Amino acid sequence: MSKIFQGKKILVVGGSSGIGYAVAVAAAQKGAELIIASRTARSQHEILASKLGENIITCDLDITSKLDITELFLQIESIDHLVVSVRPDTVPTLFSETGIDSAKKAFDVKFWGQYQLIQLALPKINENGSIILTSGIAGAKIYPKSLTMSLINSATETLVKSLAVEIAPIRVNAVSPGFVSPKPTTVKNYAKTFPQQRLANVNEIANAYIYLLENSYITGTTITVDGGATLV
């Protein structure tokens, strides 16, 4: 396998599980030096190291905490790429039933968390480096009980476009995942109505991040990986 990331340092926030972990695995296979930051990364160090390589660095991080982010970057001399894959722990609810504190907490995790993280990361990102954020198809298609996430995802994609201009030549992009397995039977059945007629697997989503990391001429772009869910 090509070691295209040999000698490159990639910080994956949210890299101990889910999409972030799949991105970390794919990047490690291509030779990347990895820093994994999440709420539980240190407690999972041995497991992560067995999959990602003994030289990985793991750091506990609450993305809503400026102190945690500051301490993280005190430990890092420089990075080539920053990948952020975090999601708030929210329950879908109707707008009329959504508490403002719940909505604000979701924004704090997924939007303002990414915003603040980037501000503090900038001095550490090498000139030809890149940032990849995570939005989601709720920003492109309206789903019942998903207004808060729709707003967050749309704001994230606007942030990507603005930063791609403002902090160039650092590239800034996003991946917008669709419905990823495993999911309840009702969602599996819904996925049969998509052009691809199934849910995504996490590696298919991760491949989009790798593509954006590899291609040095893409910036200000959101890649949607949804099997055509937003078309129907």
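Details of the structure are given in the entry above.
Given the structure is predicted, the values throughout are model-derived calculations rather than measurements.

> Which parts of the structure should I look at to understand the overall build of the chain?
When you go through the chain residue by residue, the secondary structure sums to seven helices and seven strands. Along the chain direction, N to C, the helices and strands of the chain fall in the order β-α-β-α-β-α-β-α-β-α-β-α-α-β. At 17 Å, the chain has a C-alpha radius of gyration in line with the 17 Å of a compact globule built from 232 residues. Scored against the burial criterion, the 232 residues of the chain give a buried share of 48%. Counting only carbon and sulfur atoms, one obtains 53% of the accessible surface of the chain, whose full area is about 11,900 Å².

> Explanation requested: the packing of helix 1 (residues 18-29) against helix 7 (residues 202-214) in the structure shown.
Each pair of packed helices gets described by two things: the angle between the helix axes and the distance between those axes. With their axes 8 Å apart at the nearest point, helix 1 and helix 7 run at an angle of 60° to one another. Our classification of the angle between helix 1 and helix 7 gives oblique. Crossing handedness for the pair helix 1 and helix 7: right-handed. Contacts from Gly18, Ile19, Ala22, Val23, Ala26 and Ala27 in helix 1 reach Val202, Asn203, Ile205, Ala206, Tyr209 and Ile210 in helix 7. The residue makeup of the contact of helix 1 with helix 7, split by class, is 10 nonpolar, two polar and no charged.

> Which parts of the structure should I look at to understand the sheet that holds strand 3 (residues 57-60)?
Strand pairing in a sheet relies on backbone hydrogen bonds, with the paired strands running either antiparallel or parallel. Taken in spatial order, the seven strands of this open sheet run 3-2-1-4-5-6-7, and their pairing is parallel. One side of each edge strand has no neighbouring strand; the edge strands of this open sheet are strand 3 and strand 7 (222-225). Neighbour-to-neighbour, the strand axes of this sheet turn through a mean angle of 15°, independent of strand direction. Both strand 1 (residues 9-13) and strand 4 (residues 79-84) contribute to a ladder of four bridges, which runs parallel. What sits directly across from Ile10, in strand 4, is His81. Running at roughly 175° to strand 5 (residues 125-134), helix 4 (residues 100-121) makes contact with strand 1, strand 4 and strand 5 of the sheet.

What counts and what doesn't
- Residues numbered from 1 in each chain as written.
- Predicted model: local features only at pLDDT ≥ 70, side-chain atom pairs only at ≥ 80, totals over all residues.
- Heavy atoms only, no water.
- Helix = DSSP H or I, 4+ residues; strand = E, 2+ residues; numbered from the N terminus.
- Rg over C-alpha atoms; globule rule 2.2 N^0.38 Å.
- Buried < 20%, exposed > 50% of the residue type's maximum accessible area, 1.4 Å probe, protein only.
- Areas by Shrake-Rupley, 256 points an atom, 1.4 Å probe, with all protein chains shown as cover.
- Axes fitted to C-alpha atoms, helices over the stretch in contact; angles between N-to-C directions.
- Parallel < 35°, antiparallel > 145°, perpendicular 65-115°, else oblique.
- Left-handed = near helix turned anticlockwise from the far one by under 90°.
- Contact = heavy atoms within 4.5 Å.
- Nonpolar A, V, L, I, M, F, W, Y, C, P; charged D, E, K, R; others polar.
- Pairing = 2+ DSSP bridges.

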